[in-house]
Amino acid sequence: MADLEVRDVCKQFATRGEALRVLDGVSLDLSRGENAAILGPSGSGKSTLLQIIGTLDSPTSGSVRLEGQDPFALDEPALASFRNSQIGFVFQDHHLLPQCSVLENVLIPALATGRAAAADVERARGLIERVGLAERAEHRPGELSGGERQRVAIARAMLRQPVLLLADEPTGNLDQSTAHSITELLLEVSRDEGNVLIVVTHSLELAAALDRRLQLERGKLQPE
Ligand code: ADP
Ligand code: MG
């Protein structure tokens, strides 16, 4: 059994008049240490699929299982806790809190369960060093470059040792060489930690670095 099992996921949105069918039977299996790029034109449903895999939205039909568990069977508080501990997100926009330091931003997932424990702080510092920002732990996001902010976002996503690391166009706002280094970092960190990594990207060149490339078109996911 794969650590991530996506089965026949369909998603329809109710729009004025007719329903908009965005996903039309998407299946995907990935295990820890494996990674995949999802490519596809704008509006093809890449973000919708990532949101469903990340349990931020539910499928109209079909199922998602993470290490055998069906997250959509959980009630809302249990689902929020599951998401916080099992899934790390990196978005195109870093979503860092501007008033908080790098260290505080990386610790945010630990705060959902109360105060950050000493072990959380130690893990956060280790991750900040891992992403190359050891000297910047007390800096605020406004003092960092776009690439450095994404490094912080990656460290934050990894804090709780999630099974899944999901990145939605993480390099969309970066220049080419920074985009390459961020993609490399996502790959290295997820391999070291044994995550399932899924990266949505427009760039075939960046996608080439990942093990698998899948194309989302007309609601179906196919090998590129
Ligand atoms: P991508 O990330 O590939 O650009 P999205 O997943 O954001 O595509 O969107 C796919 C399609 O679904 C688009 O046509 C978009 O307008 C539509 N869509 C996304 N979210 C909603 C929503 N909450 N309600 C209605 N339509 C939506
Ligand atoms: Mg999108």
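Keep in mind the model is a prediction, meaning the values are calculated, not measured.

The rules behind the values
- Residues numbered from 1 in each chain as written.
- Chains lettered and ligands numbered in written order.
- Predicted model: local features only at pLDDT ≥ 70, side-chain atom pairs only at ≥ 80, totals over all residues.
- Heavy atoms only, no water.
- Helix = DSSP H or I, 4+ residues; strand = E, 2+ residues; numbered from the N terminus.
- Rg over C-alpha atoms; globule rule 2.2 N^0.38 Å.
- Buried < 20%, exposed > 50% of the residue type's maximum accessible area, 1.4 Å probe, protein only.
- Contact = heavy atoms within 4.5 Å.
- Areas by Shrake-Rupley, 256 points an atom, 1.4 Å probe, with all protein chains shown as cover.
- Lys, Arg positive; Asp, Glu negative; His and termini not counted.
- Charge placed at Lys NZ, Arg CZ, Asp CG, Glu CD.
- Core = buried A, V, L, I, M, F, W, Y, C linked by side-chain atoms within 4.5 Å.
- 1 Å grid on protein atoms, 1.4 Å probe; cavity = no way out; pocket = protein on both sides within 12 Å on 5 of 7 lines; lining within 4 Å.
- Points joined across faces, edges and corners; volume = space filled by probe spheres on them.
- Nonpolar A, V, L, I, M, F, W, Y, C, P; charged D, E, K, R; others polar.
- Pairing = 2+ DSSP bridges.
- Axes fitted to C-alpha atoms, helices over the stretch in contact; angles between N-to-C directions.
- Near = heavy atom within 4 Å.
- Polar contact = N/O pair within 3.5 Å; in protein donor to acceptor, adjacent residues only side chain to side chain.

1. Some points on the overall build of the chain
- Looking only at helices and strands, the chain has seven helices and nine strands in total.
- The C-alpha atoms of the chain give a radius of gyration of 17 Å, which matches the 17 Å a tight globule of 224 residues would have.
- Referenced to the eigenvectors of the C-alpha coordinate spread, the extents of the chain come out at roughly 50 × 40 × 40 Å.
- Burial statistics for the chain: of 224 residues in total, 47% are counted as buried.
- Here the contacts in the chain between residues at least 6 apart in sequence split such that 71% fall between residues at least 24 apart.
- When the accessible surface of the chain is totalled, it reaches about 10,500 Å², and 47% of it is carbon and sulfur.
- Taking the average location of the 23 positive side-chain charges in the chain and that of its 32 negative ones, the two points are 3 Å from each other.

2. Quick word on the nonpolar core
- Val 90, Val 106, Ile 154 and Leu 186 are the most contacted members of the largest nonpolar core, which has 38 residues in total.
- Listing elements by their share of this core, those giving two or more residues are strand 3 (35-39), helix 3 (102-111), helix 4 (118-130), helix 5 (146-158), strand 6 (164-168), helix 6 (176-193), strand 7 (196-200) and helix 7 (204-207).
- Judged by nonpolar contacts, the second largest core, of 29 residues, contains Leu 23, Leu 49, Val 163 and Val 196.

3. Considering the layout of surface pockets
- The space that makes up the largest pocket amounts to roughly 300 Å³.
- Looking at the largest pocket, it is lined by 14 residues, and the ones nearest its centre are Ile 87, Gly 88, Phe 89, Pro 109 and Arg 156.
- Where the lining of the largest pocket is concerned, the elements lending two or more residues are helix 2 (76-86), strand 5 (87-90), helix 3 and helix 5.
- No other element matches strand 5, which puts three residues into the lining of the largest pocket.
- In terms of residue class, the lining of the largest pocket is made up of eight nonpolar, three polar and three charged.

4. Regarding the sheet that holds strand 8 (residues 212-217)
- Read across the open sheet, the six strands follow the order 5-6-7-3-8-9; overall the sheet is mixed. Among the strands making up the open sheet, the edge pair consists of strand 5 and strand 9 (220-223). When strand polarity is set aside, the average angle formed by the axes of neighbouring strands in this sheet is 20 degrees.
- The pairing of strand 3 with strand 7 spans four bridges and is parallel. Residue pairing across strands places Ala 36 opposite Ile 198, the latter belonging to strand 7.
- The strands touched by helix 1 (residues 46-53) are strand 3, strand 5, strand 6, strand 7, strand 8 and strand 9; relative to strand 6, the strand with the most contacts, the crossing angle is about 160 degrees.
- Sitting on the sheet, helix 5 touches strand 5 and strand 6, and the angle it makes with strand 5 is about 170 degrees.

5. Things to note about the sheet that holds strand 1 (residues 4-14)
- The strand order across the open sheet formed by three strands is 2-1-4, and the pairing between neighbours is antiparallel. Whereas interior strands pair on both sides, the edge strands pair on one side only; in this sheet they are strand 2 (19-30) and strand 4 (61-66). Here the strands of the sheet are splayed against their neighbours by 25 degrees on average, with no regard to which way each runs.

6. Comments concerning the site of ligand 1
- Around ligand 1, the structure places Phe 13, Leu 20, Val 22, Pro 41, Ser 42, Gly 43, Ser 44, Gly 45, Lys 46, Ser 47 and Thr 48.
- Within the backbone of Gly 43, one N or O atom sits 2.7 Å away from an oxygen atom of ligand 1.
- Relative to its unbound accessible area of 560 Å², ligand 1 is 59% covered by the protein chains.
- Here the residues of the shell around ligand 1 are counted per class, giving four nonpolar, six polar and one charged.

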